[in-house]
Amino acid sequence: MRISHNQMFQTALAGIQQQQSRLSVTEQQLVYGKKLLSPADDPTAAARAITLRQSINDLVQLNRNADAAEAALQLSDQTLGEIQSLLESIRTVALDALNGSNSAVDFQDFGIDLAEKLDFLLDLGNSRDGSGNYLFSGSRQQVPPFVANADGTYGWQGDQQEQSLRVGPSRVLKLLPSGFDLFASVPTGNGTVSAAHVSGNLGSGLLGTVTMNGTGYDGADYEIVFGGPDTYDVVNVTTGATVAAAQPFEAGATISFAGIDAVIDGNPEAGDRFTFGPSVQRNVLETVRQLTETLQSADGSNETDIYNTLSLDREDLDRAMERVELLQVRAGNRLAVLDDIRAANETFDLRYREQLSLIEDLDIVEAASLLTAQADALEIAQAAFARVQGLSLFNFI
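About the cut-offs
Position labels on residues start from 1 in each chain and follow its written sequence. Per-residue local features of the predicted model are confined to residues with pLDDT of at least 70, and side-chain atom pairs are confined, for both listing and counting, to 80 or more; whole-chain, interface and lining totals are unaffected and use all residues. With hydrogens and water stripped out, all remaining heavy atoms of the structure feed into the side-chain values. A run of H or I in DSSP becomes a helix once it reaches four residues, and a run of E becomes a strand once it reaches two; helices and strands are each numbered from the N terminus. Relative accessibility thresholds used throughout: buried, under 20% of the residue-type maximum; exposed, over 50%; partly exposed, between the two (1.4 Å probe, protein chains only). Contacts between residues were defined by any pair of non-hydrogen atoms, one from each residue, lying within 4.5 Å. Nonpolar core, defined: a set of buried Ala, Val, Leu, Ile, Met, Phe, Trp, Tyr and Cys residues in which side-chain atoms within 4.5 Å join the residues together. DSSP bridges decide pairing: two strands pair if at least two such bridges lie between them. The axes used here are C-alpha line fits, helices contributing only the stretch in contact, and every angle between their N-to-C directions lies in the interval 0 to 180 degrees. Roughly parallel covers angles under 35 degrees, roughly antiparallel covers those over 145, roughly perpendicular covers 65 to 115, and oblique covers all other angles. Should the near helix be turned anticlockwise from the far one by less than a right angle, the crossing is left-handed, and should it be turned clockwise, the crossing is right-handed. All amino acids are sorted into three groups, where Ala, Val, Leu, Ile, Met, Phe, Trp, Tyr, Cys and Pro are nonpolar, Asp, Glu, Lys and Arg are charged, and the leftover types, Gly among them, are polar. Each salt bridge in this description consists of a side-chain nitrogen of Lys or Arg and a carboxyl oxygen of Asp or Glu lying within 4 Å of one another. Ring pairs are drawn from Phe, Tyr and Trp, using the six-membered ring of Trp, whenever the two centres fall within 6.5 Å, and their geometry is named by plane angle: stacked under 30 degrees, edge-to-face over 60, tilted for the rest.

## Examining the environment of alanine 97
Looking at the secondary structure, you find alanine 97 in helix H2 (residues 43-97). According to the relative accessible area criterion, alanine 97 is buried, its value standing at 0%. Separated by 209 residues in the primary sequence, alanine 97 and isoleucine 306 have C-alpha atoms spaced 9.1 Å apart. Among residues more than four places away in sequence, those in contact with alanine 97 are Asn102, Phe107, Phe110, Leu295, Tyr307 and Leu310.

What follows is the structure, encoded as structure tokens:
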């Protein structure tokens, strides 16, 4: 087969151009330090690089979320600590009022003190973050969770949804407790049964400790009704049945019925009643309000009512403090979990960057060696082309 001079020329020129193109690509790779100069170089690798880069950017945002979560949890923990300290202070006032040697004026002074603490407790319940959002309103962050009503009671305006943030590729961390869990849903009494004296009892009977004895409480309402200073009946108010009749009373002794152990001290009189029913949820602000109003109502004639109310509300305060302590522990646990999530995010970030580097980053030493080889090959091809271009039959005549 005959090969024309033009065909030889075109073939040699194409080879040189190919060598120049390869050399140019390698030079560009060395300039930018990247293997992939455009998606066309390796579409599959380029698509994988885009995915990895997006994952890295997502982690940057997740770490920002983690910073915000940490700040929120720390603020929550700090505020819960202030609430707990205030509740301890309120409980101390209640204990001081219970010491048995206070006059009506003393009670009223305690009430004035509690009124100020109640205002502070409301302020803490309506605490805000640096952006002006309410901490304990749930998802209704622009609405104050607690409000003082015109009749002196306290209302709940938030919702029960805990605020949360996505802080890891597959982790959503709950942040702030709802104020419903914090204040509005504290169980009364011992958490199972709530007891109370009937206002207006004539005697000096004082309701003491009420516990569960494990024999099974049926959820009914009961009353201890005194027939005189020495006897009492236990009545199931729900059914109207008398559970125990004309039982001998001894001050300070345990009275057991329907799974309940109750202690009544002092000197009840005929007709005095003490009630027992299922524990209900009550706003701790309402508990402190009741304490405050009871103390401010002291007039020297209602000491037994005051002591009974103080004793029972102190028990409700204990439940509230247990709830705050639980939420503090939960905040601490979430901070610890957040540290673990951050560590996992760092591991993910390192892994993604290593994979991206394998796809994109150039081995400089290897590329430099390749550049030298390509330059040599181009030089040889150019020299060969020059020699072929100079060939002619006239050189052999």
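## So, unusual backbone geometry
Positive phi is not limited to glycine here, since alanine 246 has a value of about 50 degrees. Along the chain, alanine 246 falls in strand E10 (residues 241-248). Among the residues examined, alanine 246 registers a relative accessible area of 53% and is labelled exposed. Not every positive phi belongs to a glycine, and alanine 258 is a case in point at roughly 50 degrees.

## What about the nonpolar core?
One finds Ile83, Leu87, Ile90 and Leu121 to be the most contacted residues of the largest nonpolar core, which totals 47 residues. When near neighbours in sequence (up to four residues on either side) are disregarded, isoleucine 83 contacts Leu121, Leu124, Phe136, Leu182, Phe183 and Val324. Membership of the second largest hydrophobic core comes to 21 residues, among which are Val210, Ile255, Ile260 and Phe276.

## Details of the pairing of strand E9 (residues 231-236)
Alignment of strand E8 (residues 222-226) against E9, held across five bridges, turns out to be antiparallel. Pairing of phenylalanine 226 across the sheet is with tyrosine 232, part of E9. The hairpin formed by E8 and E9 contains four residues between the paired strands. Looking at chain direction, E9 and E10 are connected through five bridges and run antiparallel. When the sheet's bridge partners are listed, valine 235 is paired in E10 with threonine 242. Between E9 and E10, which pair antiparallel in sequence order, lie four residues; one of them, glycine 240, sits at a positive phi of approximately 85 degrees.

## Thoughts on the sheet that holds strand E7 (residues 206-212)
Taken in spatial order, the three strands of this open sheet run E7-E12-E11, and their pairing is antiparallel. The sheet terminates laterally at E7 and strand E11 (254-257), the two strands that pair on one side only. Taken over all neighbouring pairs, the strand axes of this sheet differ in orientation by 25 degrees on average, direction set aside. Here four bridges tie E11 to strand E12 (residues 260-265), and the two strands are oriented antiparallel to one another. Looking across to E12, one finds that isoleucine 255 is bridged to alanine 262.

## A short note on the pairing of E12
Direction of pairing for E7 relative to E12: antiparallel, over a ladder of five bridges. Note that in E12 the partner of methionine 212 across the bridge is isoleucine 260. Between E11 and E12, which pair antiparallel and follow one another directly, the connecting turn spans two residues, one of which, alanine 258, has a positive phi of 50 degrees.

## Section: the side chain of serine 279
Within the fold, serine 279 resides in the loop between strand E13 (273-278) and strand E14 (281-282). In contact with serine 279, not counting residues within four places along its chain, are Pro187, Thr188, Gly191, Thr192, Val193 and Ser194.

## With respect to the packing of helix H3 (residues 104-125) against helix H5 (residues 284-296)
Helix-helix packing: each pair is described by the crossing angle between the helix axes and the interaxial distance. Interhelical geometry of H3 versus H5 gives an angle of 155 degrees and a closest axis separation of 7 Å. Taken as axis vectors, H3 and H5 run roughly antiparallel relative to one another. Seen from above, H3 lies across H5 with left-handed handedness. Residues Phe107, Gln108, Phe110, Gly111, Ile112, Leu114, Ala115, Leu118, Leu121 and Leu122 of H3 form the contact with H5, whose participating residues are Leu285, Val288, Arg289, Leu291, Thr292, Leu295 and Gln296. Tallied by class, residues from the contact of H3 with H5 come to 12 nonpolar, four polar and one charged.

## Quick word on the pattern of salt bridges
Evaluation of the coordinates by the stated rule reveals 13 salt bridges. Across the salt bridge formed by glutamate 286 and arginine 289, the nearest N and O atoms sit 2.8 Å from each other. Taken together, the positions of glutamate 286 and arginine 289, both in helix H5 and three residues apart, correspond to about one turn of that helix. With respect to class, glutamate 286 is no different from arginine 289; both count as buried. One salt bridge in this structure joins glutamate 293 and arginine 289, with 2.9 Å as the shortest N-O distance. Of this pair, glutamate 293 and arginine 289 both sit in helix H5, separated by four residues, roughly a single helical turn. Overall, the relative accessible area of 16% leaves arginine 289 in the buried class. Counted as one network, the salt bridges with shared partners bring together Asp67, Glu70 and Arg342.

## Quick notes on the packing of aromatic side chains
For the structure shown, the criterion picks out 10 aromatic pairs. Ring plane angle 90 degrees and centroid distance 5.0 Å describe the contact between phenylalanine 226 and phenylalanine 249, whose orientation is recorded as edge-to-face. Taken as a pair, phenylalanine 226 in strand E8 and phenylalanine 249 in the loop between E10 and E11 lie far apart in primary sequence, 23 residues in all. Across the pair, phenylalanine 249 and phenylalanine 226 agree in class, each one buried. With 6.1 Å between their ring centres and 20 degrees between their planes, phenylalanine 348 and tyrosine 352 make a pair best called stacked. Of this pair, phenylalanine 348 and tyrosine 352 both sit in helix H6 (residues 303-360), four residues apart, roughly one helical turn. Look at phenylalanine 348 and you get partly exposed, because its relative accessible area is 27%. Taken together, the ring pairs connect Phe146, Trp156, Phe180 and Phe183 into an aromatic cluster.

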